[in-house]
Amino acid sequence: MSTTTLPAYQNLRLERREQVTVLFVNRPQVMNAINRETLAEIGDAVRAFTADASQGALVVTGQGEKAFISGADINELAPLAPGAAEDISRFGQSVVDLLEQSSKPVIAAVNGYAFGGGCELALACHMRLASDNAVMGLPETKLGIIPGYGGTQRLPRLVGPGRALELILSGRNVKADEAERIGLVNRVAGAGALRAAALELAQAIAANGPVAVRAAKDAIDGGVELPLSAGLEHEARCYERVLGTQDRLEALAAFAEKRKPRYAGK
């Protein structure tokens, strides 16, 4: 598999592995804690990935083996006045929203600590894989604040309101095995095997028809909170959308000719 290193950011490292982009948060000196500059770079990188027709999936992870993202940079947050705190919260939400709103799949490879803003960023990804040494949590109430990058909204939708209240109000951390059991992560891999597992999943997705992947994601995202009857209507519209595409015709031809399809994303 070919690997291409993309233009460097100050706080990120980006690699392209065929149809998969890998984004490393690269601040190991502070356990990959994110500040405003890092958030801005993540936003820029996600926009570039979304606009790149050659890329089918994004993997987000942290540099090194100790931390995914250890949280927001406390040195930046500590001196903030209330108005400035609201501003950084809204800015963080807008960047994290870009991950969730991506029409292409985004996978978090949670390699180690994922606290506060790091946990919130992982929650916004469409799938989460974790290393067996991963620890996740929203400890903000222990610091006299609350999660500000979407944690109070996404965690209940993922694990249920009761569990979310327990975890957020207590500030309790969750180890990888419990995270998998309660549905916080999709599955756990050995620390040395996490990135390979995330890449394998991303490449399996990226190998499928891009139009179909986007339509299936739209069917789930747009229907999951609707009544079943309305969700089925939405699914039918998404299904109709893919039938006349070049990708579907190419898939049928490839099946008949016993070869791999060559999708155009149209």
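Residues numbered from 1 in each chain as written. Predicted model: local features only at pLDDT ≥ 70, side-chain atom pairs only at ≥ 80, totals over all residues. Heavy atoms only, no water.

Enquirer: Please explain the pattern of salt bridges as it appears in this structure.
Expert: Two side chains that carry opposite charge are able to pair once their charged atoms sit near each other. All chains considered together, the criterion is met by 15 salt bridges. With its nearest N and O atoms 2.5 Å apart, the salt bridge here joins R17 to E15. Exposure remark for R17: the relative accessible area of 19% places this residue in the buried category. Take E15: its relative accessible area is 9%, and that puts it in the buried class. A salt bridge links D218 to R241; its shortest N-O distance comes to 3.1 Å. Note that D218 is positioned in helix 9 (residues 210–223) and R241 in helix 10 (residues 228–243), a separation of 23 residues in sequence. (Salt bridge = Lys/Arg side-chain N within 4 Å of Asp/Glu carboxyl O. Buried < 20%, exposed > 50% of the residue type's maximum accessible area, 1.4 Å probe, protein only. Helix = DSSP H or I, 4+ residues; strand = E, 2+ residues; numbered from the N terminus.)

Enquirer: What exactly am I supposed to notice about the pairing of strand 3 (residues 20–25) here?
Expert: Successive side chains on a regular strand alternate, one facing one side of the sheet and the next facing the other. Counting buried positions along strand 3 gives six out of six residues, so the element sits mostly inside the fold. Taking every second residue as pointing to the same face, both faces of strand 3 are buried, with V20, V22 and F24 on one and T21, L23 and V25 on the other. Across six bridges, strand 2 (residues 12–17) lies against strand 3 in antiparallel orientation. Paired with R17 across the strands is V20, a residue of strand 3. Connecting strand 2 to the antiparallel partner strand 3 that follows it, the hairpin turn spans two residues, and E18 within it adopts a positive phi of roughly 55°. As paired elements, strand 3 and strand 4 (residues 57–62) share six bridges and run parallel to each other. (Pairing = 2+ DSSP bridges.)

Enquirer: How do you make sense of the packing of aromatic side chains when you look at a structure like this?
Expert: By convention here, two paired aromatic rings are described through the distance between centres and the angle between planes. Under the definition given, this model contains one aromatic pair. The ring of F24 is capped by R13, whose NZ or CZ atom sits 3.9 Å from the centre of that ring. The aromatic ring of F49 is capped on one face by K104, whose charged end is 5.0 Å from the ring centroid. (Phe/Tyr/Trp six-rings, centres within 6.5 Å; stacked < 30°, edge-to-face > 60°. Lys NZ or Arg CZ within 6 Å of the ring centre and 35° of its normal.)

Enquirer: Hey, could you run me through the sheet that holds strand 5 (residues 67–69) in this one?
Expert: Backbone hydrogen bonds are what pair the strands of a sheet, in a parallel or an antiparallel way. Here four strands make up an open sheet; going across it, the order is 5-7-9-10 and the pairing mixed. Two strands lie at the open edges of the sheet, namely strand 5 and strand 10 (174–175), each paired on one side alone.

Enquirer: Is there a simple way to think about helix 11 (residues 246–257) in this case?
Expert: Three or four residues apart is the spacing at which side chains of an α-helix point the same way, because the helix has 3.6 residues per turn. For helix 11, with twelve residues, the first-to-last C-alpha span of 16 Å sits near the 16 Å given by 1.5 Å per residue. Those residues of helix 11 that fall on the buried side of the exposure criterion are D247, E250 and A254. Down the axis of helix 11, the smallest arc covering the buried residues is 60°, so these residues share one side. When the buried face of helix 11 is taken as reference, the exposed residues oriented beyond 90 degrees from it are L249, F255 and A256. Contacts made by the buried residues of helix 11 are with helix 9. In the segment just after helix 11, K258 is the residue with positive phi, at about 55°. (Expected span 1.5 Å × (residues − 1). Arc of directions from axis to C-beta. Contact = heavy atoms within 4.5 Å.)

Enquirer: Just to check I follow, could you spell out the side chain of D52 for this structure?
Expert: Within the element layout of this structure, D52 appears in the loop between helix 1 (36–51) and strand 4. Side chain to side chain, D52 and R16 meet in a polar contact 2.8 Å long. Once residues within four sequence positions are removed from consideration, D52 is found in contact with R16 and K104. (Polar contact = N/O pair within 3.5 Å; in protein donor to acceptor, adjacent residues only side chain to side chain.)

Enquirer: What is the right way to read the environment of E100 from this model?
Expert: Among the secondary structure elements, E100 is positioned in helix 3 (residues 82–101). C-alpha separation for the pair E100 and C125, spaced 25 residues apart in sequence, amounts to 5.6 Å. Dropping the residues within four chain positions of it, E100 is found in contact with A124, H126, R154 and K217.

Enquirer: Please clarify how the side chain of S89 should be interpreted in this entry.
Expert: With respect to the helices and strands, the residue S89 is situated in helix 3. Classification of S89 by relative accessible area gives buried; the value is 18%. With sequence-adjacent residues up to four places away left out, S89 is seen in contact with G148 and Y149.

Enquirer: Explain the packing of helix 4 (residues 117–124) against helix 5 (residues 151–159) to me, please; I cannot follow it from the model alone.
Expert: Each pair of packed helices gets described by two things: the angle between the helix axes and the distance between those axes. Across the interface, helix 4 lies against helix 5 with an axial gap of 10 Å and an inter-helix angle of 50°. By the angle class used here, helix 4 and helix 5 are oblique. For the pair helix 4 and helix 5, the crossing hand works out as left-handed. Seen from helix 4, the contacting residues are E120, L123 and A124; seen from helix 5, they are G151, R154, L155 and L158. (Axes fitted to C-alpha atoms, helices over the stretch in contact; angles between N-to-C directions. Parallel < 35°, antiparallel > 145°, perpendicular 65-115°, else oblique. Left-handed = near helix turned anticlockwise from the far one by under 90°.)

Enquirer: In this structure, what is going on with unusual backbone geometry? I would like to understand it.
Expert: A negative phi angle is the norm for most residues apart from glycine, just as the trans form is the norm for most peptide bonds. Although it is not a glycine, N32 sits at a positive phi angle of roughly 60°. Note that N32 resides in the loop between strand 3 and helix 1. Unusually for a residue other than glycine, K258 sits at a positive phi of about 55°.

In short, geometric facts, not functional conclusions.
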